[in-house]
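# Coordinate analysis (summary)
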Amino acid sequence: MLSFFNPVLALLQQESERGQVSQMVKAAAHPDLSKFLVIGALLFIIGVAGVLTRRNIIVIFMSIELILNAANLNFIAFSRYLREVGSVNALAGQIFTVFVIVVAAAEAAIGLGIVIALYRNKETIWVDEIDLLKW
Amino acid sequence: MYKYIWLVPLLPLIGAAINGLLGRKFRFSERLIGGIAVGTVALSFLISVAAVYSYGFGGNAQWPNPYLTSQDGFSFNWIPSGAVAINQGAHIASGEAPRFALLNIEWSYQLDPLSSVFMLIVSGVGLCIFVFATGYMHGETGFYRFFAYMGLFMFAMLVLVMGSNFVMMFVGWEGVGLCSYLLIGYYFDRQEAANASRKAFITNRIGDFGFALAIFGVIATFGSAQYVDVFNQAKTFPIELLGHWGILSWIALGLFVGACGKSAQLPLHVWLPDAMAGPTPVSALIHAATMVTAGLYMVTRTNVIFQHSQTMLLVVALVGAATAIFAATIGITQNDIKKVLAYSTVSQLGFMFMACGVGAFAIGIFHVMTHAFFKALMFLGAGSVIHGMHHEQDMRRMGGLKKYMPYTYWTFLAGWLAICGIIPFSGFWSKDEILWKAASTTQIPLGWLVWLVGTIAATCTAFYMTRLVAMTFWGRERFLEAPAGGEADEAHAAAYDKGLTTHDAMRPSAGDRPRHEPGEHVGPVHEDVAAHVATHGHGGHEHGAHMPHESPPSMWVPLAVLALLATIGGFVGIGPAFRSVTGTEHPGGRLHIVTWLDPIIWNPVTREFNATEGAGHEAPATETAHPAPVEAAATVYGNTGFNLAHSVENTTHSEPATEWIFILISLVVAGIGMLLGGLFYVWRPQLAGIWTQRLRPLYVASYNKYWVDEFYGWAITRRTMDAARAVYSFDAKVVDGIVNGVAWLSRLFSRIVGGIDKYFVDGIVNAIAAFIMRLMSPLFRAAQTGFTQNYALVMVLGLMLAVAIFFASDIATAFR
Amino acid sequence: MTLSGYEALFFWIFGLAAIFAGLLTVMARNAVHSALFLISSLVSVAALFVLAHAEFIAGVQILVYVGGVMVLFLFVIMLVNVGAEERGREEIFNNQRQVTAALIFCLLLVAGVLYAVNRGYSGLQILHPKPEVPAEQQVDPSQPKTATGSSQATKNSEGVGNNLYRYGSLPFEIASVLLLVAIIGSVMLARTLKQEASADDVDPETLQEELARDPELVNLEPRIE
């Protein structure tokens, strides 16, 4: 079971001939693609936690923006990595990021419009009070 | 000329078709209808005469060989059947493989000695009767119908006697049965006539059943239905003596059953007296001269088969004898003139079968011929009397008609003397020969018994015929004394006087009063019936003011012709007893009836048909052959016991004397009968009443016809109806009950199943559904929180699950 | 793409800032605070973009995402959220079970994601062994210098522009149509009943219900001439 966490720990370190801590320090001193990905993943998870736990609808929307943002970070990190690797279409990540931002903007506009309409009808922004689908 | 015999049946058929189909539509006059009918029959008769003459006596005479019209192409293949396996016969006994024959039933006519005799009788006597009927049926509304049926009858009868195979005979058989039904029921609005016609047809049918079985047997045994084929094969079969019952006995039995039905022998005689409900010409033609003799024709035609079965010969003789005496005793007490003649017919038919039974087939046919003459004569005479007596048929109200109806009287006398058997009238020759042959037969045992019964019956015949003549023509004119008819007539007269009913003559039918023949015109044609009735009036003696009168010439001329025939017709059969007078056994050569019929009679001694192939040598041959077969037959048929003729001959040591003795006996008994009749009804009329009282039981039995009809009604008719009712109730209750019960069971079952389905099955389904619902519903309901984030959580969970599944192998390796 | 030196330092600063701000976004009581924390998170991520040599995208992020979307968020918060504070201390988190379950799942997700990233990265390293690219070569001397004069400008915008308008022109157009639809949709969604009635765009049943609730709306009946 402990071996499961080995890869986790291994993320904190990169290949190095020396000991674990120095490896970790070295890894920290030279953040690599994996660090970008980890940050993106953590942002994603925080966003998911926000969507699932908060009662305020606006905060839920903002958590969704966090999620999208994490995805963007992922794209950019890979775009950089692939440019270094020598991929032909390395900038595709950035292009994709542009579109993600566009879609996020559109979605935010529509979503907030819905929130306004919902607020006008139900006079509430607390999600657990909007349970018309309850049996 | 004999080539054209196929016209003989065809002409009456054409006449009947014209009369029947067009007679009413185009309203033929009586003259036209009568002319067509009589004309066709006359033509038919003339052609028959010419044909028979050329067959037997002409230049190209075919006698003794039979002539079939198929020899000249005047025939057609009527029923082309296929191969028939012959399952009976000698080859089966010998163990050979079954033979096959090609059964083709053709429609062709056969002219041979037997059929020629019948052709002449049927067409000749028929012609006389047709002429009589034109006068008798004058004024009938159904005049055309009568002659249509009569023509159809002539056709059927001629087909019967002229057919060349059994199937054609059967066709004719059924045809005459049908016409008998149609003609007895001519007055179809009378209950009595309808009953009688039905009775006749049904009784006939019983006989036809036996006949049909016999035909099947013939086809199965001989593989053909043609006479020439069958008889040529049959003569090779062994004779089945008394006690040995073989296939030929079976066939003969079936044939005889048919003959009993058609010729009114015991026990199927019941229809003939009732058939007198038809018009008198019908009684004369059908029930005296022709149809009832069809049985005789059949038995004589198949005499090969009968002579092969000694048992059947005995049966035929005994049944004939029993019928003769039975009917004769009934005839003594009957009061209706036609009934007396009917029972007389039955009795005489018994005589004919007696003749056939003892082996004297030719004599039987001879008696057929003479009987046709004198019985038709007497029937027509009775018709004339009835006509002259204005529908009166009860002899108790006749008497002394001698001076009113002379023609009728003198011609009737000829018939009376003939039937009593007085020499030289025709009846004597035939009846005497029958009795002689019965006494001297060596083909069956109990010949003496047959002779004795026949003699007694002859006595009774003479008695009741004399009674009839006496009550009708001699003595007191009783019709003047009492009102015409008994209580019923008095009521009728009274009602007429009160204006409540119309005169008989003005009504098409007078209801069901058996004594009268409604539609019968009152005397000569009265143009103005109403005026006639007004002048003559009704009631009391005035009703009797209708004096009897003579019939018109259309009616008495045929009587005269028949009287002539009854007088001299017997000379074609002068028996061998008179050889001392005539010089030969059978005088007249081919004209002698026995000689003429020889080729078709099978001789059990020589096992061949009698005449030789060549023509012209018959007379000496039969002369010399005659004594031999009599003794030789004894060896063929074994010891037949006591032979009366032989014992008398042993006493007198002279054969001619024996024969004369028997002739004398029959003349004497006839004379005794006549004298007794005269005594009882002419000189001492009161004796009739006294002896009626003394022999009351016998009288009652005889008057009620020995209650045979009542017995049949109880035993057969009602039992059959009971059986029908039982079967019906079985069908209605049991069969229908079963069907309905099945339906009821089905409904019950469906209700049960429906109940099971509704309560049990649906109950289970509902219970399960309710259970599941109660179980799962809260669970599922609980999932519908309406809370979006719950749903989002579930989505995340699902996502993780998908990822885990996707990386399942990796996770497993990581954990290992 | 190993970062080193100051880049590594700024990476760590902005990375942790982003995570921290994100965490606070989710946990802040006040929605405005949440929005502000999100803004800071987004800006940190933009800084990370810069570190990843995606300057143009960083600018776009700040301009569009922060400057547009978050401002919109703030407007809407002002519209709908003001009452929440007045109601006193309102629960910000859902019921216990939901939160517990969410946290458990998120922890599992963390574990899974980290594991996956590690495995993937190690696979990538096998696929693409680390190139020996000195950091200096990243700098293109032909490019003009930046405003401070301390570094060269990169060709990122140019590259993005080339790619976008060449290979991504169709998605670009579709994205613009999407934005158009979003504009129209949001305008339509956010209309009030008054605005809808004057445009004659209300379901008659709903109008009757609203009238029953608020009789003053009769004045809004559209004049049918």
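Up top is the structure these notes are about.
Heads up: these notes are all about the structure in this document.

Reading the values: rules and limits
Residues numbered from 1 in each chain as written. Chains lettered and ligands numbered in written order. Predicted model: local features only at pLDDT ≥ 70, side-chain atom pairs only at ≥ 80, totals over all residues. Heavy atoms only, no water. Helix = DSSP H or I, 4+ residues; strand = E, 2+ residues; numbered from the N terminus. Buried < 20%, exposed > 50% of the residue type's maximum accessible area, 1.4 Å probe, protein only. Contact = heavy atoms within 4.5 Å. Areas by Shrake-Rupley, 256 points an atom, 1.4 Å probe, with all protein chains shown as cover. Buried area = accessible area lost by both parts, 1.4 Å probe. Salt bridge = Lys/Arg side-chain N within 4 Å of Asp/Glu carboxyl O. Polar contact = N/O pair within 3.5 Å; in protein donor to acceptor, adjacent residues only side chain to side chain. Nonpolar A, V, L, I, M, F, W, Y, C, P; charged D, E, K, R; others polar. Patch = residues over 30% accessible without salt bridge, like charges linked within 9 Å, V, L, I, M, F, W, Y side chains within 5 Å. Axes fitted to C-alpha atoms, helices over the stretch in contact; angles between N-to-C directions. Parallel < 35°, antiparallel > 145°, perpendicular 65-115°, else oblique. Phe/Tyr/Trp six-rings, centres within 6.5 Å; stacked < 30°, edge-to-face > 60°.

## Notes on the overall build of chain C
- Of the regular secondary structure elements, chain C holds nine helices and zero strands.
- Order of helices (α) and strands (β) in chain C, N terminus to C terminus: α-α-α-α-α-α-α-α-α.
- The buried share of chain C, taken over its 225 residues, is 36%.
- For chain C, long-range pairs separated by at least 24 residues make up 47% of all intrachain contacts whose partners lie at least 6 apart in sequence.
- As displayed, chain C offers around 13,600 Å² of accessible surface, 65% of which is attributable to carbon and sulfur atoms.

## Examining the overall build of chain A
- For chain A, the helix and strand inventory stands at five helices and zero strands.
- Going from the N terminus to the C terminus, chain A shows its helices and strands as α-α-α-α-α.
- Expressed as a percentage of its 135 residues, the buried residues of chain A come to 59%.
- In chain A, the share of contacts with a sequence separation of at least 24, taken over all contacts with a separation of at least 6, comes to 49%.
- Element-wise, carbon and sulfur atoms account for 68% of the exposed surface of chain A, whose accessible area totals about 5,600 Å².

## So, the interface of chain C and chain B
- Counting residues at the interface gives nine residues for chain C and nine residues for chain B.
- The largest contributions to the chain C side of the interface with chain B come from Gln98(C), Phe105(C) and Tyr115(C), which together make up 56% of the buried area.
- For the interface between chain C and chain B, the tally reads zero salt bridges.
- Linking chain C to chain B there are one residue pair in polar contact (both at pLDDT 80 or more).
- For the side of chain C that touches chain B, a count of residues per class yields six nonpolar, two polar and one charged.

## Concerning a nonpolar patch on the surface
All names here are of chain B.
- A contiguous nonpolar surface patch, about 1,100 Å² in accessible area, is contributed by Phe 749, Ile 752, Val 753, Ile 756, Phe 760, Val 761, Ile 764, Val 765, Ile 768, Phe 771, Ile 772 and Leu 775.
- Looking at the element boundaries, Leu 775 is found in helix H32 (residues 708-783).
- For Leu 775, a relative accessible area of 45% puts it in the partly exposed group.

## Description of the interface of chain A and chain C
- In this complex, chain A contributes 76 residues to the contact, which on the side of chain C involves 88 residues.
- Across the chain A to chain C interface the summed buried area is about 7,700 Å²; carbon plus sulfur atoms make up 74%.
- Taken as a group, Arg54(A), Met62(A) and Arg80(A) account for 9% of the area that chain A buries against chain C, more than any other trio of residues on that side.
- Linking chain A with chain C are zero salt bridges.
- Applying the counting criterion to the chain A and chain C interface returns eleven residue pairs in polar contact (both at pLDDT 80 or more).
- Those elements that provide at least two residues to the side of chain A that touches chain C are helix H1 (2-11), helix H2 (20-29), helix H3 (33-53), helix H4 (57-85) and helix H5 (92-122) of chain A.
- When residues of the side of chain A that touches chain C are assigned to their parent elements, the largest contribution, 22 residues, is made by H5(A).
- Classifying every residue of the side of chain A that touches chain C gives 54 nonpolar, twelve polar and ten charged.

## With respect to unusual backbone geometry
- Following Leu266(B), the chain continues into Pro267(B) via a peptide bond in cis, with omega recorded as -10°.
- Tracing the backbone shows Pro267(B) in the loop between helix H9 (247-262) and helix H10 (271-274).
- For the bond from Ile423(B) to Pro424(B), the omega torsion is -5°, close enough to zero to count as cis.
- Residue Glu123(A) is not a glycine yet carries a positive backbone phi of 60°.
- Within the secondary structure, Glu123(A) is located in the segment after H5.

## Here we look at the packing of H5(A) against helix H7 (residues 169-189) of chain C
- Here H5(A) crosses H7(C) at 10°, and the two axes come no closer than 9 Å. One way to sum up the angle between H5(A) and H7(C) is to call them roughly parallel. On H7(C), the residues that touch Phe99(A), Val102(A), Val103(A), Ala106(A), Ala109(A), Ile110(A), Gly113(A), Ile114(A) and Ala117(A) of H5(A) are Pro171(C), Phe172(C), Ala175(C), Leu178(C), Leu179(C), Val181(C), Ala182(C), Gly185(C), Ser186(C) and Leu189(C).
- Its residues assigned to classes, the contact of H5(A) with H7(C) shows 16 nonpolar, three polar and no charged.

## A few points about the side chain of His371(B)
- Within the element layout of this structure, His371(B) appears in helix H16 (residues 361-388).
- In this structure His371(B) touches Ala288(B), Thr345(B), Gln348(B), Met352(B) and Ala376(B), once residues within four positions along its chain are discounted.

## Focus: the packing of aromatic side chains
Residue and element names in this part refer to chain B.
- According to the stated counting rule, one finds 47 aromatic pairs over all chains in the structure shown.
- When the ring of Phe 76 is compared with that of Trp 107, the centres are 6.3 Å apart and the planes differ by 15°; the resulting orientation is stacked. One end of the pair, Phe 76, is in strand S2 (residues 76-86); the other, Trp 107, is in strand S3 (residues 99-107), and 31 residues separate them in sequence.
- Residues Phe 256 and Phe 353 carry aromatic rings whose centres are separated by 5.7 Å and whose planes lie at 75° to one another, so their mutual orientation is edge-to-face. With Phe 256 in helix H9 and Phe 353 in helix H15 (residues 337-357), this residue pair connects regions lying 97 residues apart in the sequence.
- Looking at Phe 353, the relative accessible area reads 0%, which means it is buried.

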